[in-house]
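The lines below spell out each chain.
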Amino acid sequence: MTDHPVDLDKHRGMAAQKATDLRRALAEVETHARELRERESELEHRMMSAPAVSWPEAAVKARHLLNLYAASLPAEDTRHHALVAMLLDDFARLTEADRESS
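Residues numbered from 1 in each chain as written. Predicted model: local features only at pLDDT ≥ 70, side-chain atom pairs only at ≥ 80, totals over all residues. Heavy atoms only, no water.

Points about the overall build of the protein chain
- A tally of helices and strands in the protein chain yields 3 helices and 0 strands.
- Mapped from its N terminus to its C terminus, the protein chain presents α and β elements in the order α-α-α.
- Relative to the globule expectation of 13 Å for 102 residues, the C-alpha radius of gyration of the protein chain, 23 Å, shows a markedly less compact shape.
- Within the protein chain, the proportion of its 102 residues that are buried is 12%.
- Across the protein chain, every contact between residues at least 6 apart in sequence was considered, and the portion connecting residues at least 24 apart equals 33%.
- With an accessible surface of roughly 8,800 Å², the protein chain has 61% of that area assigned to carbon and sulfur atoms.
- Charge-centre separation for the protein chain: the mean point of 14 positive side chains lies 4 Å from the mean point of 19 negative side chains. (Helix = DSSP H or I, 4+ residues; strand = E, 2+ residues; numbered from the N terminus. Rg over C-alpha atoms; globule rule 2.2 N^0.38 Å. Buried < 20%, exposed > 50% of the residue type's maximum accessible area, 1.4 Å probe, protein only. Contact = heavy atoms within 4.5 Å. Areas by Shrake-Rupley, 256 points an atom, 1.4 Å probe, with all protein chains shown as cover. Lys, Arg positive; Asp, Glu negative; His and termini not counted. Charge placed at Lys NZ, Arg CZ, Asp CG, Glu CD.)

Describing the packing of helix H1 (residues 14-49) against helix H2 (residues 55-72)
- Their axes nearest at 11 Å, the elements H1 and H2 cross at an angle of 140 degrees. When the axis of H1 is compared with that of H2, the two are oblique. The handedness of the crossing between H1 and H2 is left-handed. When H1 is examined against H2, the residues Glu40, Leu43, Glu44 and Met47 are found in contact with a partner set consisting of Val60, Lys61, His64 and Leu68.
- When its residues are assigned to classes, the contact of H1 with H2 shows 4 nonpolar, 1 polar and 3 charged. (Axes fitted to C-alpha atoms, helices over the stretch in contact; angles between N-to-C directions. Parallel < 35°, antiparallel > 145°, perpendicular 65-115°, else oblique. Left-handed = near helix turned anticlockwise from the far one by under 90°. Nonpolar A, V, L, I, M, F, W, Y, C, P; charged D, E, K, R; others polar.)

Structure representation (structure tokens):
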């Protein structure tokens, strides 16, 4: 008997090791995706709990919705992707200009 743990991965074939690695990676991705969905749900709940009190706050909410919309667009819809990108740039530029003038 030995006091050292046995690394069972070393005793398996390469195909079994790859399958195990893939299962572990998939489990990790699924965990991260679930956590992201939970955080997004919490964010949206907070956004809906009170109306925006300024244009920059409204822009934050609109930016989130635009990102959701852009993610649902097909890749070949370059015109709408470009429009969303331009609008997000406008929000960033106008928000920064608002901060500088305050």
